[in-house]
Amino acid sequence: MEIYKTLEITQNSPTSRVFNLRLNRPSLRNALSLDFFTEFVKALTSLDQNPDAAVIILSGNGDHFCAGIDLKALTSMSAAVQSTDRGRSAERLRRQINSFESLIVFLQLDAITAIERCRKPVIAAVHGACIGGGIDIITACDVRYCTESAFFSVKEVDLGITADLGTLQRLPSIVGYGKAVELALSARRFSGSEAKELGLVSRVFGSKDAMDKGVQAIAEEIAAKSPLAVTGTKAVLLRSRDLTVDQGLDYIATWNSGMLLSDDLVEATAAQRQKRAPSFSKL
């Protein structure tokens, strides 16, 4: 298994089809460096292509899930263009901004969106801080859980920037437009229990240990289901966000016209008749 600077991939047991993908810069509260964005795509791609992986749990090592973008990545641009010649500084800054905007597009398409592109379900398990870029990450995940002590903030406006990695696009469909506007404009901190009330997370656990065990159990349950059905459900739900009901029904009809011919349907119905656990081929 590949070694990463900013990530760690583990399994609870060699036979488990649930893989843990952890942000791994605990001394920096898992702040997102430029290395993270390239490594995250590679890690998700490798798990997506791994037939032994059925479900991915995304969490953070240390005391926090994610403190957001590493500020060094933001300040390095302005530091790189310092000059006593204001005209030349302005020209260098213009070129840096153009490059930085291109980088942001790359980060958005090839990093955070990689969570949605991954065929396997990605479950976020949040403890401690989930700030700025951390919100970008979890809003792209399929399911979200947190601890009671977790706290959240759409922090970008406090840094003088606009959230640009997906929060403003995804959060409204999760918590509602009005609530998303209030959170994004105020940048206020909100608790795990409020995140549950808002609908940002599905369940709040009393401790990190309880969350780790609970989320692992949920992931194992999903991993035991038909991989074609799970993959199809994720794909159709994501696609349906941009379709009318009629278009969505047409899309699922097209999807199922191919998938209903699989052995998974035969195995699932046979297992129910025989009152046993089904056994599905890996995807």
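Within each chain, residues carry numbers counting from 1 in the order of the written sequence. Reporting of local features is limited, given that this is a predicted model, to residues whose pLDDT is at least 70; pairs of side-chain atoms are given and counted only at 80 or more, and all residues count toward the totals for whole chains, interfaces and linings. Note: side-chain values were computed over all heavy atoms of the structure, leaving out hydrogens and water.

*Asks:* Describe in detail the overall build of the protein, supporting the description with residues and values.
*Replies:* Numbered from the N terminus, helices here are DSSP runs of H or I no shorter than four residues, and strands are runs of E no shorter than two. In terms of helices and strands, the protein carries eleven helices and nine strands. Here a residue-residue contact requires only that any non-hydrogen atoms of the pair lie within 4.5 Å. Here the contacts in the protein between residues at least 6 apart in sequence split such that 68% fall between residues at least 24 apart. Only the protein chains shown count as cover for residues, and all accessible areas are computed by the Shrake-Rupley method using a 1.4 Å probe. Accessible surface, the protein: about 14,700 Å² in total, of which carbon and sulfur atoms supply 55%.

*Asks:* I'd love a proper account of the side chain of Ser153, names of residues and values included.
*Replies:* By the element assignment, Ser153 lies in strand β7 (residues 151-153). Per-residue accessibility, obtained with a 1.4 Å probe over protein chains only, is compared with the maximum for each type, and a residue is labelled buried under 20%, exposed over 50%, and partly exposed between these values. With relative accessibility at 3%, the residue Ser153 sits in the buried group. Polar contacts here mean pairs of N or O atoms no more than 3.5 Å apart (in protein, one a potential hydrogen donor and the other a potential acceptor; neighbouring residues in sequence count only if both atoms are side-chain atoms). Polar contacts involving the side chain of Ser153 include one to the main-chain carbonyl oxygen of Ala187, which spans 2.8 Å. Setting aside residues no more than four positions away along its own chain, Ser153 makes contact with Cys130, Ile131, Gly132, Ile135, Ala187, Arg188, Arg189 and Phe190.

*Asks:* So what's going on with the layout of surface pockets? Which residues, and what values?
*Replies:* Think of a 1 Å grid over just the protein atoms. A cavity is a set of points where a 1.4 Å probe fits yet cannot get out, a pocket is an open set with protein on both sides within 12 Å along at least five of seven lines, and lining residues have an atom within 4 Å of a point. Grid points are joined across faces, edges and corners, and a volume is the space filled by probe spheres set on the points. Here the second largest pocket defines a volume of roughly 450 Å³. Lining the second largest pocket are 18 residues, and of these Cys141, Asp142, Val143, Leu237 and Leu238 sit closest to its centre. Sorting the residues of the lining of the second largest pocket by element identifies α4 (133-140), β6 (143-147), α5 (167-175) and α9 (227-240) as the ones contributing at least two each. By residue number, the principal contributor to the lining of the second largest pocket is α9, which donates five residues. Polarity classes work like this: nonpolar for Ala, Val, Leu, Ile, Met, Phe, Trp, Tyr, Cys and Pro, charged for Asp, Glu, Lys and Arg, and polar for all others, with Gly in that last group. By residue class, the composition of the lining of the second largest pocket is nine nonpolar, three polar and six charged.

*Asks:* For the packing of aromatic side chains, give the residues involved together with the corresponding values.
*Replies:* When the centres of two rings from Phe, Tyr and Trp lie within 6.5 Å, Trp using its six-membered ring, the rings pair. Their planes under 30 degrees apart give stacked, over 60 give edge-to-face, and anything left gives tilted. For the structure on display, the rule yields four aromatic pairs. Ring geometry for Phe152 and Phe190: centres 5.4 Å apart, planes at 20°, overall stacked. Of the two residues, Phe152 is situated in strand β7 and Phe190 in strand β8 (residues 190-191); the sequence distance between them amounts to 38 residues. Per residue, the accessibility class of Phe152 equals that of Phe190, and both read buried. The rings of Phe36, Phe37 and Phe40 are connected pair by pair, giving a single aromatic cluster. Charges are assigned to positions over rings by a cutoff of 6 Å between ring centre and Lys NZ or Arg CZ, combined with an angular limit of 35 degrees from the ring normal. Sitting above the plane of the Phe151 ring, Arg189 keeps its charged end 3.6 Å from the centroid.

*Asks:* Explain the sheet that holds strand β1 (residues 7-11) to me, using residue names and the numbers behind them.
*Replies:* Two modes of strand pairing occur in sheets, parallel and antiparallel, and in both the strands are linked by backbone hydrogen bonds. A sheet is described by the order of its strands in space; here six strands give the open sequence β1-β2-β3-β4-β6-β9, paired in mixed fashion. Two strands lie at the open edges of the sheet, namely β1 and β9 (203-205), each paired on one side alone. With direction set aside, neighbouring strand axes in the sheet form an average angle of 25°. Criterion used throughout: strands pair if DSSP finds at least two bridges between them. The pairing of strand β2 (residues 18-23) with strand β3 (residues 55-60) spans six bridges and is classified as parallel. Bridge assignment links Leu21 to a residue of β3, and that residue is Leu58. Contacting β2, β3, β4 (122-126), β6 and β9, helix α8 (residues 208-223) crosses the sheet at an angle of about 165° to β3. Axis lines are fitted through C-alpha atoms, for helices just across the contact stretch, and the angle between N-to-C directions can take any value from 0 to 180 degrees.

*Asks:* Account for helix α11 (residues 263-274), naming residues and giving values.
*Replies:* Here a helix's expected span is defined as the number of its residues, less one, multiplied by 1.5 Å. Its twelve residues give α11 an end-to-end C-alpha distance of 16 Å, which sits within 8% of 16 Å, the value for a rise of 1.5 Å per residue. Along α11, the residues classified as buried are Asp264, Glu267, Ala270 and Ala271. An end-on view of α11 places all buried positions within 135° of arc, on one side of the element. Those residues of α11 that are exposed and angled more than 90 degrees off the buried face are Val266, Gln272 and Arg273. Where α11 is buried, its residues touch α9. Note that the arc is defined by the directions from the helix axis to the C-beta atoms.

*Asks:* Lay out helix α6 (residues 177-186) in plain terms, naming residues and giving numbers.
*Replies:* Among the residues making up α6, those that are buried are Ala180, Leu183 and Ala184. End-on view of α6: buried residues confined to an arc of 95°, all on one side of the axis. What points out from α6, more than 90 degrees from its buried face, is the exposed set Gly178 and Leu185. Contact partners of the buried residues in α6: α5, β8 and α7 (192-198). Positive phi appears at Ala187, one or two residues downstream of α6, with a value of about 55°.

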